[in-house]
Amino acid sequence: MVATDVAARGLDIDDISHVFNYHLPDDAEVYIHRIGRTGRAGKTGIAITLIAPREKRRLREVEALTKQLITKMELPTTAEIHRHREAEVVEQVKIWLGRGRFKRELEMIQELVDAGHDPLNIAAAALKIARADEKQRPIAEIADVKVSVERSGRQEYSQRGKRETSGRHELPTRGGSPRRRGGDTTSHEEGMIRLKLNKGKEYGIRPNDIVGTIAFHANIPGFSIGKIRIEDKFSFVDIPEEVVDQVLKQNGNYRIGKEKFALTKA
C-alpha cells in the first residue's frame, strides 16, 4: 500500500490494481492523475472514492471532465459482510474437495474418529480453526449519512460523516458584519471540551484532516472526537474532557499538509 499524500511524486509502481481516494481532490485533473496509476500500459484497475455529501459538487466536476458517470455503491451491512466471509470459506473447502490432495489430513481425521469423535463435529472444529483470523478483522459499525439543510454560512460536522447546522442566529453589528449570539465557544455535549484551532477555511482545512492529525499525534481514537466547526480563519473541535490535556500537550506536532496549527481552550 502506498499513501500518495506522503509520497505523491516520482512513484513508478507496477501492477497497481486499486486506488482508494479518502476524499476528492480540489482539482478534477488531480483525480484523473491519481486513478491513472491503475491504467498504465493498457492495464485496467478499480478506483474507489469515499466522499461526504458536501463533496457532491466536486464529484460532478470530475464526471464532467472524464465524460462518464461514477457508479454509486452502497456500503454492505454487517450481516452481508459475515455472509460473504462464510461463503468464501465454503468456496475454499469446495476447491480442496475437488483437488483431493489431503492424504495426511484424512489420516488425522481417522485418528480422531477412532478416538470416538463425531465426523461432523470434527469438520465443524476444523472450520472454526480456519476462521480464527476473522477475529482480527472486526467490523466497525457505520451510521447512516444524513444531510441537513444549511441555514447559515457556518458549517458544523460531527463524526460518522454527519453535517450539522447550528440553530443560533447571526445578529448585525454597527460595522455591518455579523456578530454571533453567545455560546459558540462552549461544547453542547456533556463531557466534551471545545478547543479552538488557529486555521480555517482559508487554509482549505477539512474535518477529516483535523480528526486524523489529532487522533494520530494525541493517540486517541478518531471516533471519540466530537463536533467540528470550520470558519474562515479558525475552527472549533470538541474533545472528550478526560483527554484534553493529552491533546494540548501535542501542540507543535499538529499539521495539515505543510501548515502547522495549534489548539487552545475556546
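Residues numbered from 1 in each chain as written. Predicted model: local features only at pLDDT ≥ 70, side-chain atom pairs only at ≥ 80, totals over all residues. Heavy atoms only, no water.

Describe the nonpolar core, listing the residues and the values that go with them.
With 20 residues, the main nonpolar core has I210, I214, V237, I239, V247 and L263 as its most contacted residues. Going through the elements one at a time, strand 7 (192–197), helix 6 (207–218), strand 8 (228–230), strand 9 (235–240) and helix 7 (244–248) are the ones with two or more residues in this core. Among the elements that make up this core, the one with the highest residue count is helix 6 (four residues). Contact partners of I239, with chain neighbours within four places excluded, come to G191, M192, I193, L195, I214, I225, V244 and V247. Counting five residues, the second-largest nonpolar core is a separate cluster that includes A28, Y31, L59 and V62. (Core = buried A, V, L, I, M, F, W, Y, C linked by side-chain atoms within 4.5 Å. Buried < 20%, exposed > 50% of the residue type's maximum accessible area, 1.4 Å probe, protein only. Helix = DSSP H or I, 4+ residues; strand = E, 2+ residues; numbered from the N terminus. Contact = heavy atoms within 4.5 Å.)

Break down the environment of L127 for me, with residues and values.
Along the chain, L127 falls in helix 5 (residues 119–130). Overall, the relative accessible area of 36% leaves L127 in the partly exposed class. Separated by 38 residues in sequence, L127 and V89 place their C-alpha atoms 8.0 Å apart. Those residues in contact with L127 that sit more than four places away from it in its chain are V89 and V93.

Go over the pairing of strand 1 (residues 18–21), please, and point to the residues and values.
Burial along strand 1 is one-sided: V19 and N21 are buried, while H18 and F20, pointing the other way, are not. Pairing geometry for strand 1 and strand 2 (residues 46–49), over four bridges, is parallel. Looking across to strand 2, one finds that H18 is bridged to I46. (Pairing = 2+ DSSP bridges.)

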